[in-house]
Amino acid sequence: MKKLLPLTLSTLMAAQLFALDNKQITIIDQKSPDFLLGKQTHINMKFTPSDAPDMWFKAGVRIQGTFESLNTKKYNADGSVKSNTTIQDAYLRRVRLEVAAGFGKHASFTMDLRNDKANEGITNPEGGFNVGDAYVKIKKPFGSSLVNFKLYRAKIDISRTETVKSARVIVYDRPYVADAAAQYISFNRRATNVQMYGNWNKKIHYQIAAGSASSPDKIIDATGSKATADGVTVDDQSFFYGGKIVLSPFDGWEETSRTETYFGKGKHFSVGAAYWSVPKLKGTTVGGAGFDLNRELINLEISAHYKGFFIQSEYFKFNNMVKDWTATTTVATGSSTGWYVTGEYVMPQFYYIAPFARYEKWDRWDDADGYEVTSKLAGINWYLRGNTTKVGLVYQKDEYGINTGNKDVTSIRITSQWFF
């Protein structure tokens, strides 16, 4: 017994030290509901050193997988079927390695490495890892939530659904019109920039920003063709600038975080408007036609949730949209408008099963017929552990006008997400 006593004491001391150290490592969201597999985790595990509590390090992973059956039916000009093909595919929609570090009370750095859509399509392209977010945040340098800063690769708020972290969206594939807005002003809505943002009592949120503008590799015309694919060269381009304001006008309905998944808790109502501009974008097409564009994006948003019900809608207007990048004489420009509405109903009493639907209408060229894109989507998510572990089933049908592909695309997808 005397021989066992020192071992027992040392074991207890080691256990206590481990428990003390363990308090500096957190991952579980204690405010989360209890799902079938337990409480949701925060995005990334947080490590806080015991000798410097204002400093911290976060690390985590996120993976989204998709199994899909994709049918594409193309039409001739007279409406007859040109081709009818079906591809059954499995791919990794998103693969992310995320890290962040807090340097003190006010400053932190966040970044991620990503390889999205790996193995998508028949040829199974692997792609390559690239940097997504990579920004320094300066939080409340003057002690007020009204003034904060982000520097370098951080999202500009050109769209609510594009600003919400992809781990917290209802559908992994965002609306087409929102994805176009994400490239219209700044590359992937996060090319290097400087921004100031903040809120007043969660009633008024704002963001203003300026920085590097769109990439020719991502600039599309009204038909959906990319500029670089058609041999367009851009040799003169300015910074972008702009901003957004979001209001929560009703007491008790303030928006406290940007998300699409609320799990049947709380309520919010918000409306917002944004204006973004690239004052100068000059170049020539492969046919020698010159262009000098002042690209503008207007975004309006409205969102609300009450317990299990959530609804969100956005409107977009693109000014100085190019009609056709292959022009040989004059590059025609005009406006493009689109909108979508999406909704979800979470049922906590049925293990957080949540049916959802989305409708999207986008006229890529307002001045003529045949440039429409219409998308209808419906499905069901099952939040096994909130957004930490969830699976879904999605049915989607897209209809393209005669000048945007002249086709119908129908897909059925089984989706899943894991993060830690």
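For clarity, every value in this text was computed on a predicted model and none was experimentally measured.

Chemist: It is not clear to me how the pairing of strand 17 (residues 333-345) should be interpreted in this structure. Could you clarify?
Modeler: Note on strand geometry: in a regular strand, side chains alternate between the two faces of the sheet. Pairing of strand 16 (residues 309-322) with strand 17 involves 13 bridges; the strand directions are antiparallel. Each residue of the ladder has a partner; that of phenylalanine 316, found in strand 17, is glycine 338. Of the pairings in the sheet, the one linking strand 17 to strand 18 (residues 353-363) comprises eight bridges and is antiparallel in character. Among the inter-strand pairings, glycine 338 is bridged to a residue of strand 18, identified as tryptophan 362.

Chemist: Can you walk me through the pattern of salt bridges in this structure?
Modeler: Side chains bearing opposite charge may pair, as long as their charged atoms lie close to each other. Summed over all chains, the structure comprises 20 salt bridges. One salt bridge in this structure joins arginine 190 and aspartate 133, with 2.8 Å as the shortest N-O distance. In this pair, arginine 190 is assigned in the loop between helix 3 (176-184) and strand 10 (193-200) and aspartate 133 in strand 8 (residues 130-138), connecting sequence segments 57 residues apart. An identical accessibility class is assigned to arginine 190 and aspartate 133; each is buried. Across the salt bridge formed by lysine 203 and glutamate 254, the nearest N and O atoms sit 3.2 Å from each other. Here lysine 203, found in the loop between strand 10 and strand 11 (204-211), pairs with glutamate 254, found in the loop between strand 13 (240-247) and strand 14 (267-284); they are 51 residues apart in sequence, far enough to count as distant. Exposure class is identical for lysine 203 and glutamate 254. Each is buried. Bridged by salt links that share partners, the residues Asp157, Arg160, Lys244, Glu255, Arg258 and Glu301 form one connected network.

Chemist: Teacher, can you tell me more about the packing of aromatic side chains here?
Modeler: According to the stated counting rule, one finds 12 aromatic pairs in the structure shown. Here phenylalanine 263 and tyrosine 383 contribute two aromatic rings whose centre-to-centre distance is 5.1 Å and whose plane-to-plane angle is 75 degrees, an arrangement assigned as edge-to-face. In this pair, phenylalanine 263 sits in the loop between strand 13 and strand 14 while tyrosine 383 sits in strand 19 (residues 372-383), placing the two residues 120 residues apart along the sequence. Each member of the pair, phenylalanine 263 together with tyrosine 383, is buried. Relative to tyrosine 359, the ring of tryptophan 339 has its centre 5.5 Å away and its plane inclined at 45 degrees; by these criteria the two rings are tilted. With tryptophan 339 in strand 17 and tyrosine 359 in strand 18, this pair connects stretches of sequence that are 20 residues apart. Judged by its relative accessible area of 35%, tryptophan 339 falls in the partly exposed class.

Chemist: What is the right way to look at unusual backbone geometry in this model?
Modeler: Look at tyrosine 152: it is not a glycine, yet its phi comes out positive at around 85 degrees. Its place among the elements puts tyrosine 152 in strand 9 (residues 148-153). Positive phi, close to 55 degrees, is recorded for lysine 307, a residue that is not glycine. Looking at the secondary structure, you find lysine 307 in the loop between strand 15 (290-306) and strand 16.

Chemist: In this structure, what is going on with empty space enclosed by the protein? I would like to understand it.
Modeler: Summary: where empty space remains is shown by rolling a probe the size of a single water molecule over the atoms. Per the counting criterion, the structure on display carries three cavities of 30 Å³ or more. Each pocket or cavity is described by its volume, and for the largest cavity that value is around 50 Å³. Thr161, Val169, Val171, Arg174, Pro175, Glu260, Gln312, Tyr340, Thr342 and Arg358 are the residues that line the largest cavity. When its residues are assigned to classes, the lining of the largest cavity shows four nonpolar, three polar and three charged. Taken together, Ile170, Val171, Tyr172, Phe356, Asn381, Lys390, Val394 and Thr415 form the lining of the second largest cavity. Of the residues contributing to the lining of the second largest cavity, the split by class is five nonpolar, two polar and one charged.

Chemist: Teacher, can you tell me more about the nonpolar core here?
Modeler: A general feature of soluble globular proteins is that nonpolar side chains tend to end up buried together. Counting 28 residues, the largest nonpolar core has Ile185, Phe240, Trp276, Leu297, Phe316 and Phe318 as its most contacted members. Per-element accounting of this core gives the leading share, six residues, to helix 3. Ignoring any residue separated from it by four or fewer positions in sequence, one finds leucine 297 in contact with Ile158, Ala181, Tyr184, Ile185, Ala274, Tyr275, Trp276, Phe316, Lys317 and Phe318. In this structure, Ile219, Leu281, Leu293 and Val322 belong to the second largest nonpolar core, which totals 11 residues.

Chemist: Explain the side chain of serine 277 here, please?
Modeler: Position of serine 277 among the secondary structure elements: in strand 14. Of note is the side chain of serine 277, whose polar atom sits 3.2 Å from the side chain of asparagine 294. In this structure serine 277 touches Ile185, Phe239, Phe240, Tyr241, Asn294, Arg295 and Glu296, once residues within four positions along its chain are discounted.

Chemist: How should the confidence of the model for the protein be read in this particular structure?
Modeler: Where the model shows low pLDDT, its predicted coordinates should not be examined in detail. Residue-level pLDDT values for the protein average 92, and 94% of them are 70 or greater. Segment residues 1-6 is flagged for pLDDT under 50; beyond a separation of four residues in sequence, or across chains, it makes zero contacts in the model.

Chemist: What's the story with helix 3 in this structure? I'm lost.
Modeler: Side chains that are three or four residues apart share a direction in an α-helix, a result of its 3.6 residues per turn. Among the nine residues that make up helix 3, seven are buried, leaving the element largely enclosed by the rest of the structure. Regarding helix 3, the residues found buried are Val177, Ala178, Ala180, Ala181, Ala182, Gln183 and Tyr184.

Criteria and cut-off values
- Residues numbered from 1 in each chain as written.
- Predicted model: local features only at pLDDT ≥ 70, side-chain atom pairs only at ≥ 80, totals over all residues.
- Heavy atoms only, no water.
- Pairing = 2+ DSSP bridges.
- Helix = DSSP H or I, 4+ residues; strand = E, 2+ residues; numbered from the N terminus.
- Salt bridge = Lys/Arg side-chain N within 4 Å of Asp/Glu carboxyl O.
- Buried < 20%, exposed > 50% of the residue type's maximum accessible area, 1.4 Å probe, protein only.
- Phe/Tyr/Trp six-rings, centres within 6.5 Å; stacked < 30°, edge-to-face > 60°.
- 1 Å grid on protein atoms, 1.4 Å probe; cavity = no way out; pocket = protein on both sides within 12 Å on 5 of 7 lines; lining within 4 Å.
- Points joined across faces, edges and corners; volume = space filled by probe spheres on them.
- Nonpolar A, V, L, I, M, F, W, Y, C, P; charged D, E, K, R; others polar.
- Core = buried A, V, L, I, M, F, W, Y, C linked by side-chain atoms within 4.5 Å.
- Contact = heavy atoms within 4.5 Å.
- Polar contact = N/O pair within 3.5 Å; in protein donor to acceptor, adjacent residues only side chain to side chain.
- pLDDT = per-residue confidence, 0-100.

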